[in-house]
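Residue-level listing of the chains:
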Amino acid sequence: MKDSTKSSLVLIGVGLFMIAFGVILLSLVITQWDVWVDQLKLTGMAIIIIVSVILIAIGLYLIIKFII
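In this report, the structure presented in the accompanying data block is examined. On a predicted model such as this, the values are computed, not experimentally measured, just so you know.

**Topic: the overall build of the protein chain**
The helix and strand inventory of the protein chain stands at 2 helices and 0 strands. Counting all 68 residues of the protein chain, 24% fall into the buried class. Of the contacts made within the protein chain by residues no fewer than 6 positions apart, 68% connect residues no fewer than 24 positions apart. Accessible surface computed for the protein chain: about 5000 Å², of which carbon and sulfur atoms make up 76%.

Next comes the structure, spelled out in structure tokens:
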């Protein structure tokens, strides 16, 4: 396999992993909202939501970069 093909597959894999991890974080926030609000307060929840959105955005950017 060519080096460019390997790097493209790695790029897609990393992008998909980042999107999946971001979605998992968001689903945890949604399902465990009552439990986490007491422990992390709203600042911690906001940080988790921002990090998950950033991970999803970076993953989408990597995949779009590969397609274009």
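Here the narrative resumes.
**Observations concerning the side chain of Ser52**
Relative to the helices and strands, Ser52 is located in helix α2 (residues 33–67). Owing to a relative accessible area of 0%, Ser52 belongs among the buried residues under this scheme. Sequence-distant contacts of Ser52, that is, excluding residues within four places in its chain, are made with Gly22, Leu25 and Leu26.

**Thoughts on the environment of Ile63**
The residue Ile63 is located in helix α2 in this model. When the C-alpha positions of Ile63 and Ser8 are compared, they lie 9.3 Å apart, and in sequence the two are 55 residues distant. The contacts of Ile63, once residues within four sequence positions are left out, are Ile12, Gly15, Leu16 and Ile19.

**Concerning the nonpolar core**
Counting 7 residues, the largest nonpolar core is built from Met18, Leu25, Val29, Met45, Ile48, Leu55 and Leu62. Listed by contribution, the elements that provide at least two residues to this core are α1 (3–31) and α2. A total of 4 residues in this core trace back to one element, the largest contributor, which is α2.

Definitions and cut-offs
All residue numbers refer to position in the chain's written sequence, counted from 1. It should be noted that, the model being predicted, local features are given only for residues of pLDDT at least 70 and side-chain atom pairs only at 80 or more, the latter also being counted only at that level, while totals for whole chains, interfaces and linings use all residues. The side-chain numbers reported here are obtained from all heavy atoms of the structure, hydrogens and water having been left aside. Secondary structure elements are taken from DSSP: a helix is a run of H or I of four residues or more, a strand is a run of E of two residues or more, and numbering for both begins at the N terminus. Throughout this description, buried means an accessible area under 20% of the type-specific maximum (1.4 Å probe, protein chains only), exposed means over 50%, and partly exposed covers the range between. It only takes one pair of heavy atoms within 4.5 Å for two residues to be counted as in contact. The method behind every accessible area is Shrake-Rupley, applied with a 1.4 Å probe, and residues are considered shielded solely by the protein chains displayed. The definition of a nonpolar core used throughout is a set of buried Ala, Val, Leu, Ile, Met, Phe, Trp, Tyr and Cys residues joined through side-chain atoms within 4.5 Å.

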